[in-house]
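Spelled out, the chains give:
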Amino acid sequence: MAQKGVQLDRETFSCSICQDLLKDPVALNCGHSYCMKCIKSHWDTEDEKTVYSCPQCRQTFTVRPDLRKNTMLSNLVEELKKTGLQAAPADHCYAGSEDVACDVCTGRKLKACKSCLQCLASYCEKHLQPHYEAAPFKKHKLVEPSKKLQENICSRHDEVMKVFCRTDQQSICLLCLMEEHKGHDTVSAAAERSEKQRELEVSRQNIQQRIQDREKDVKLLQQEVEAINGSADKTVGNSEKMFTELIRLMEKRRSDVKQQVRSQQQTEVSRVRELQEKLEQEITELKRRDAEMKKLSHTQDHNQFLHDYPSLSPLSESTHSSSIKIRPLRYFEDVTAAVSEVRDKLQDVLREKWTNISQTVTEVDVLLPEPEPKTRAEFLKYSCDITLDPNTAHTELLLSDGNRKVTLTSQTNPYSSHPDRFTECLQVLSKESLSGRCYWEVEQRGRGVYVAVTYKNISRAGGLNECDLDRMTNLGRYIVSTTVIAFGTTMSALLSQVLVLQSRSVPGSQSRYSVLLQHL
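An unreviewed UniProt entry annotates the chain as E3 ubiquitin/ISG15 ligase TRIM25-like of Labrus bergylta.

Next up, the structure:
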């Protein structure tokens, strides 16, 4: 508090022209004081104008005032000098190359503390006072010091740009609005900034949500690392105990098991660590982007906000799963069981069972998320050839092209009697059973029907509620999921496991219906 008071006294008794303590102080009728030499020099430059003014408040005098030394003020200044106070402000108060300088200060300029969007000027604390005290200035918009005030001025009309043209996506002045931007979609700069601010907040919320998701993923992966390490350590310990009983005969095998477990442990931990590191890098980048957006959202100058807003690059799509799902595994516990069997049947292990131990170790695998396919080339990695089973086809469905094409006919086709044949519903099943992730494409012509996925034991001779794929989909029976498409007839994949059908647009397969089949 004492230091703040000293700073106030020093500024109070400083000349606003030379920024030094008053020398031979004189007071004008308006109340402002200057060094006698400084104010005389200032007025000497105004002799040609025949009008003299106060450098601070701009009050004018038609006759040059007769200056007399203010004895009381001079004595106060002398007392200040005796206390050892420095007349000039500290160096950190002056504007440097990176600072915004006061536009009013003469000589060495002080740092500006505010910029005025109406005056298009920046002011230090002293020269800013009229904006707080004079009524005409109180309505002016003050913002943080900015070097880019001139960007608010229309280069064509030299007017302040208060309007934003949405048609041309640029800030304009009122004269521009009446001329080349007449009839365009325009709003006030404040209104446009409000809308962009809302968009910015939505983007920040998305980033924050992604940060939370990634942090959860990192935590889950860390737990996975601990589980892998814990299971591996436990397995190694159990193996050590059992192999102690077989030191002479099993010393080499004990070393091999330990090495393989540790090697696989390192491999799996490395995989998890790699994904964990990528997620942490993404979190860092998202936080950086969030900081940039936060900084921009706090910009008080509307035009500056709109000027900088387009520089924000769009968020890239996340390359990782939004949720890491870890399959509950026992990791290396199966190794322990295998080693226990080795202990009980030493001779058999030495001759036959060693391969079993080695394979068990290498089968340990952390289920990390596979990258989601996006292009047709990536989908084709999971492609499978599907042929239709003539023993299941309704008699009005004609199979051709190696049982890969089905056509609805108006006559009965000469199929032999078979218990798997659909007798009521115009349907046919595929011959192959599908499991895991499978992808196939269906060329479609004719009326809209269903491609569906069902269980192998679907009824073939029952009514619509028992075997019709469309009806059963609505009833939630047998079929996991179905999709309506424009195809010649109804087709279904014969499944041996619970699967889910997903339809999606795949780049490069616009003329075909693309289907991806994968585990729930």
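1. Notes on the overall build of the chain
Each helix and strand counted, the chain has 14 helices and 19 strands in total. Per-residue burial over the chain gives 39% buried out of 520 residues. Intrachain contacts of the chain at a sequence separation of at least 6 include 63% that bridge at least 24 residues. A total accessible area of about 30,000 Å² is found for the chain, and carbon and sulfur atoms account for 49% of it.

2. Quick notes on the sheet that holds strand E7 (residues 142-143)
In a beta sheet, neighbouring strands pair by backbone hydrogen bonds and run either parallel or antiparallel. Strand order across the open sheet formed by three strands is E6-E5-E7, with antiparallel pairing between neighbours. Every interior strand has two partners, whereas the edge strands, strand E6 (121-123) and E7, have only one. Judged from the two bridges that link them, strand E5 (residues 114-116) and E7 form a sheet pairing that is antiparallel. Each bridged residue has a counterpart across the sheet, and for Ser-115 the counterpart in E7 is Val-143.

3. Quick look at the nonpolar core
Membership of the largest hydrophobic core comes to 31 residues, with the highest contact counts inside it found for Ile-228, Val-261, Phe-305, Phe-332 and Val-335. Sort the elements by how many residues they give to this core and helix H7 (residues 189-244) lands first, with twelve residues. Val-335 has contacts with Thr-235, Val-257, Val-261, Thr-360 and Val-361, leaving out every residue within four places of it along the chain.

4. Topic: the sheet that holds strand E9 (residues 170-172)
Across the sheet, which stays open at both edges, the three strands sit in the order E9-E8-E10 with antiparallel pairing between neighbours. A strand with exactly one partner marks an edge of an open sheet, and here the two such strands are E9 and strand E10 (186-188). Ignoring which end each strand starts from, the neighbouring axes of this sheet average 35° apart. As paired elements, strand E8 (residues 163-165) and E9 share three bridges and run antiparallel to each other. Bridging from a neighbouring strand, Val-163 pairs with Ile-172 of E9. Across the face of the sheet, H7 comes into contact with E8 and E10 while running at roughly 90° to E10.

5. Structural notes on the packing of aromatic side chains
What the rule picks out here adds up to two aromatic pairs. A cation over an aromatic ring shows up here: Arg-460 above the ring of Phe-422, its NZ or CZ 5.6 Å from the ring centre.

6. Side note on the pairing of strand E12 (residues 405-408)
Bridge count for strand E11 (residues 397-400) against E12 is four bridges, and the pairing is antiparallel. Bridge pairing in E12 places Leu-398 opposite Thr-407. Hairpin connection of E11 to E12: four residues between the antiparallel strands, including Asp-401 at a positive phi of 55°.

7. A closer look at helix H10 (residues 333-344)
Taking 1.5 Å as the rise per residue, H10 with twelve residues should run 16 Å; its terminal C-alpha atoms sit 17 Å apart, in good agreement. Listed as buried for H10 are Val-335, Thr-336, Ala-338, Val-339 and Val-342. End-on, the buried residues of H10 take up no more than an arc of 165°, which puts them together on one face.

8. As for the state of the cysteines
Inspection of every chain in the model, using the stated rule, returns zero disulfides. Between Cys-176, a cysteine without a disulfide, and Cys-154, which holds the nearest cysteine sulfur, the sulfur-to-sulfur distance is 3.5 Å.

9. So, the packing of H7 against H10
Relative to each other, H7 and H10 sit at 5°, their axes nearing to 9 Å. Taken together, the axes of H7 and H10 lie roughly parallel to each other. Contact residues: H7 offers Ser-231, Thr-235, Asn-238, Ser-239, Met-242 and Phe-243, while H10 offers Glu-333, Val-335, Thr-336, Val-339, Ser-340 and Arg-343. Residues that form the contact of H7 with H10 fall into these classes: four nonpolar, six polar and two charged.

10. Some remarks on the side chain of His-131
Along the polypeptide, His-131 turns up in helix H4 (residues 129-133). The exposure class of His-131 is buried, given its relative accessible area of 5%. Not counting the four nearest positions on each side in its chain, His-131 is found in contact with Cys-116, Cys-119, Tyr-123, Phe-137, Lys-138, His-140 and Leu-142.

11. Side note on unusual backbone geometry
Phi is positive for Asp-24, which is not a glycine, with a value near 50°. Of note, Asn-403 is a non-glycine position whose phi angle comes to about 60°, a positive value. Assignment of secondary structure puts Asn-403 in the loop between E11 and E12. Take Asn-403: its relative accessible area is 23%, and that puts it in the partly exposed class.

12. A short note on the pattern of salt bridges
One pass over the structure, following the stated rule, counts 17 salt bridges. Linking Lys-196 and Glu-192 is a salt bridge whose minimum nitrogen-to-oxygen distance equals 2.4 Å. Here Glu-192 and Lys-196 lie together in helix H7, a separation of four residues that amounts to about one turn. Residues joined by salt bridges that share partners form a network here, namely Arg-166, Glu-192, Glu-195 and Lys-196.

Conventions used here
Residues numbered from 1 in each chain as written. Predicted model: local features only at pLDDT ≥ 70, side-chain atom pairs only at ≥ 80, totals over all residues. Heavy atoms only, no water. Helix = DSSP H or I, 4+ residues; strand = E, 2+ residues; numbered from the N terminus. Buried < 20%, exposed > 50% of the residue type's maximum accessible area, 1.4 Å probe, protein only. Contact = heavy atoms within 4.5 Å. Areas by Shrake-Rupley, 256 points an atom, 1.4 Å probe, with all protein chains shown as cover. Pairing = 2+ DSSP bridges. Core = buried A, V, L, I, M, F, W, Y, C linked by side-chain atoms within 4.5 Å. Axes fitted to C-alpha atoms, helices over the stretch in contact; angles between N-to-C directions. Phe/Tyr/Trp six-rings, centres within 6.5 Å; stacked < 30°, edge-to-face > 60°. Lys NZ or Arg CZ within 6 Å of the ring centre and 35° of its normal. Expected span 1.5 Å × (residues − 1). Arc of directions from axis to C-beta. Disulfide = S-S within 2.5 Å. Parallel < 35°, antiparallel > 145°, perpendicular 65-115°, else oblique. Nonpolar A, V, L, I, M, F, W, Y, C, P; charged D, E, K, R; others polar. Salt bridge = Lys/Arg side-chain N within 4 Å of Asp/Glu carboxyl O.

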